[in-house]
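# Chain and residue survey
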Protein chains: 2
Amino acid sequence: MLRLRNAGYKITPPRRAVIEVVLREGEHLDPNEILQQAQAIYPHTGRATVYRTLELLTTLGIVRPIYVGEHGPTYIRAEGGHHHLVCSLCGAVTDFDQCVADSMERELEARFGFQIRSHLLEFYGYCARCRQTQPEIAAN
Amino acid sequence: MLRLRNAGYKITPPRRAVIEVVLREGEHLDPNEILQQAQAIYPHTGRATVYRTLELLTTLGIVRPIYVGEHGPTYIRAEGGHHHLVCSLCGAVTDFDQCVADSMERELEARFGFQIRSHLLEFYGYCARCRQTQPEIAAN
DNA sequence: TAATCAATTGAGAATTTGTCTCAATTGATC
DNA sequence: GATCAATTGAGACAAATTCTCAATTGATTA
């Protein structure tokens, strides 16, 4: 909220609602789900406003879209890192915690003059279950 | 192409065209651009076939969708790693090379029984130019 | 507190993107 | 060359996203 105001944007009810919904713990919501939950908080919230707010919050580095499997975008808080193992066959996503990316941030910031706020590390391949059930694909 | 045949799929002109387009160096093309370029190679290529082929190639671990900035999916070769610095303000994407993710693969494979084929590491933040031109946003 | 004004909004139209259906075609095998 | 399941393209369809514009509202100033 402060980040919004500091950047010169108004604090409005629909913006409050969208922020509250997206920043709730553990949610990976798509724009439509965000619209519905925002309307539970502020009933007049419109679809276009949700899209506009998500774009704004993404620009400000507060939330971030992530894409997993064959589905459309889902939004999460941008802060910190996100680490996934993604199965190319069944689409299953497994989170893991320890990550060596933090150790790279300082050097990249120095080298590119880039101010890093968060990161995403994803490994793609075949999960244990699919390797058993569809060995002919995983073998190639 | 061999991976396709080995997995039991036919080699057809539109599939050839899509593969050729996506695997060309340095391209991050969206499905519509892929359709157009594939039609330049094989004019009869249809939209549905492009989507079907991209899904198939993704399943086989040959290509992969990536999502950057506010735009829709874009396809790249899956092989190996992709490393990006993504500016949340202007959307600029900078590639970098050295990456410590490889060192994690063996351990993750052992821990989760996962067969890793590729990875994506992205850092999000503000690029040097935007930090200068829009300091009030980057400062928050 | 009231007045002001640019920023923001919602509703729905319009566009874009992705999926599905099905008859016709084609690649691989023999 | 014959066979047949896999694949295809066209266009209908559905879903997701963006645009438009008059009405409203938040923040600032008086």
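Just above sits the structure.
Here's what I pulled together on the structure shown here. (Residues numbered from 1 in each chain as written. Chains lettered and ligands numbered in written order. Predicted model: local features only at pLDDT ≥ 70, side-chain atom pairs only at ≥ 80, totals over all residues. Heavy atoms only, no water.)

### Examining the overall build of chain A
For chain A, the count of helices and strands is seven helices and five strands. Traced from its N-terminal end to its C-terminal end, chain A shows the element sequence α-α-α-α-β-β-β-β-α-β-α-α. Radius of gyration (C-alpha) of chain A: 18 Å, far over the 14 Å computed for a compact globule of 140 residues. Its C-alpha atoms give chain A principal-axis dimensions of about 55 × 40 × 20 Å. Across the 140 residues of chain A, 44% fall into the buried class. Pairs at least 24 residues apart make up 49% of the contacts formed inside chain A by residues separated by at least 6 positions. (Helix = DSSP H or I, 4+ residues; strand = E, 2+ residues; numbered from the N terminus. Rg over C-alpha atoms; globule rule 2.2 N^0.38 Å. Buried < 20%, exposed > 50% of the residue type's maximum accessible area, 1.4 Å probe, protein only. Contact = heavy atoms within 4.5 Å.)

### Notes on the packing of helix H2 (residues 13-23) of chain A against helix H3 (residues 31-41) of chain A
All names here are of chain A. Where H2 contacts H3, the axes come no closer than 9 Å and their chain directions differ by 120°. Classified by the angle their axes make, H2 and H3 are oblique. Remark: the crossing between H2 and H3 carries right-handed chirality. Judged by residue contacts, Ala17, Val18, Glu20, Val21 and Val22 of H2 engage Ile34, Gln37, Ala38 and Ile41 from H3. The class makeup of the residues in the contact of H2 with H3 is seven nonpolar, one polar and one charged. (Axes fitted to C-alpha atoms, helices over the stretch in contact; angles between N-to-C directions. Parallel < 35°, antiparallel > 145°, perpendicular 65-115°, else oblique. Left-handed = near helix turned anticlockwise from the far one by under 90°. Nonpolar A, V, L, I, M, F, W, Y, C, P; charged D, E, K, R; others polar.)

### Observations regarding the protein's contact with DNA strand C
Taken together, 22 residues lie near DNA strand C, and Thr12, His44, Thr49 and Arg52 of chain A together with Tyr51 of chain B sit nearest. For DNA strand C, the backbone makes up 68% of the atoms found within 4 Å of the protein, where backbone means sugar plus phosphate. The contact in question runs from a phosphate oxygen of DNA strand C to an N or O atom on the side chain of Arg15 of chain A, over 2.9 Å. A distance of 2.8 Å separates a phosphate oxygen of DNA strand C from a polar backbone atom of His44 of chain A. (Near = heavy atom within 4 Å. Polar contact = N/O pair within 3.5 Å; in protein donor to acceptor, adjacent residues only side chain to side chain.)

### Description of the relation of the copies chain A and chain B
Once turned by 179° and shifted 0.1 Å along the axis, chain A lies on chain B with an RMSD of 0.7 Å. Taken together, the rotation and translation relating the two chain copies correspond to the operation of a two-fold axis. Within chain A, Leu121 of chain A has its C-alpha nearest the rotation axis, a separation of 2.3 Å. Comparing interface residues between copies, 96% of those in chain A also lie at the interface in chain B; the contact surface is shared. (Least-squares fit on C-alpha atoms with pLDDT ≥ 70 in both.)

### Topic: the protein's contact with DNA strand D
Around DNA strand D sit 22 residues, and of these Tyr51 of chain A together with Thr12, His44, Thr49 and Arg52 of chain B come closest. When the atoms of DNA strand D within 4 Å of the protein are sorted by group, sugar and phosphate make up 69%. At a separation of 2.6 Å, a phosphate oxygen of DNA strand D approaches a polar side-chain atom of Thr12 of chain B. With respect to DNA strand D, the backbone of His44 of chain B contributes an N or O atom lying 2.8 Å from a phosphate oxygen.

### Notes on the nonpolar core
In this structure, Ile34 and Phe123 of chain A together with Ile34 and Phe123 of chain B are the most contacted members of the largest nonpolar core, which totals 72 residues. In terms of nonpolar packing, the next biggest core, distinct from the first, is built from five residues, Val86 and Tyr124 of chain A together with Ile76 and Leu120 of chain B among them. (Core = buried A, V, L, I, M, F, W, Y, C linked by side-chain atoms within 4.5 Å.)

### A few points about the interface of chain A and chain B
Between chain A and chain B, the contact holds 52 residues from the first and 51 residues from the second. Across the chain A/chain B interface, buried area totals approximately 4,800 Å², and carbon plus sulfur atoms make up 61% of it. For the pair chain A and chain B, the interface holds zero salt bridges. Looking at the side of chain A that touches chain B, the element that brings in the most residues is strand E5 (residues 115-126) of chain A, giving 12 residues. Summarising the sheet, E5 of chain A and strand E5 (residues 115-126) of chain B pair through 11 bridges and their orientation is antiparallel. In the sheet register, Tyr126 of chain A faces E5 of chain B, and the bridge partner there is Gln115 of chain B. (Buried area = accessible area lost by both parts, 1.4 Å probe. Salt bridge = Lys/Arg side-chain N within 4 Å of Asp/Glu carboxyl O. Pairing = 2+ DSSP bridges.)

### Side note on the sheet that holds E5 of chain B
Strands pair in a sheet through their backbones, by hydrogen bonds, and they do so in one of two ways: parallel or antiparallel. Pairing is mixed across the open sheet formed by six strands, whose spatial order is E4(A)-E3(A)-E5(A)-E5(B)-E3(B)-E4(B). Only two strands of the sheet have a single partner each, and these edge strands are strand E4 (93-95) of chain A together with strand E4 (93-95) of chain B. Neighbour-to-neighbour, the strand axes of this sheet turn through a mean angle of 25°, independent of strand direction. Two elements, strand E3 (residues 80-87) of chain B and E4 of chain B, share three bridges in a ladder whose sense is antiparallel. Bridge pairing links Val86 of chain B to Val93 of chain B in E4 of chain B.

### Brief notes about the packing of aromatic side chains
Each aromatic ring pair is characterised by the separation of its centres together with the angle its planes make. Under the criterion given, the structure shown has three aromatic pairs over all chains. For the pair Tyr67 of chain A and Tyr67 of chain B, a centre-to-centre distance of 3.3 Å together with 10° between the ring planes defines the contact as stacked. Here Tyr67 of chain A, found in the loop between strand E1 (63-66) and strand E2 (74-77), pairs with Tyr67 of chain B, found in the loop between strand E1 (63-66) and strand E2 (74-77), and the two come from separate chains. The exposure classification of Tyr67 of chain A matches that of Tyr67 of chain B, with both residues buried. Aromatic side chains Phe96 of chain A and Phe123 of chain A sit 6.0 Å apart centroid to centroid with 45° between the ring planes, which places their arrangement in the tilted category. Placement of the pair is Phe96 of chain A in the loop between E4 and helix H5 (102-112) and Phe123 of chain A in strand E5, with a sequence separation of 27 residues. Judged by its relative accessible area of 3%, Phe96 of chain A is buried. (Phe/Tyr/Trp six-rings, centres within 6.5 Å; stacked < 30°, edge-to-face > 60°.)

Geometry only, nothing functional implied.
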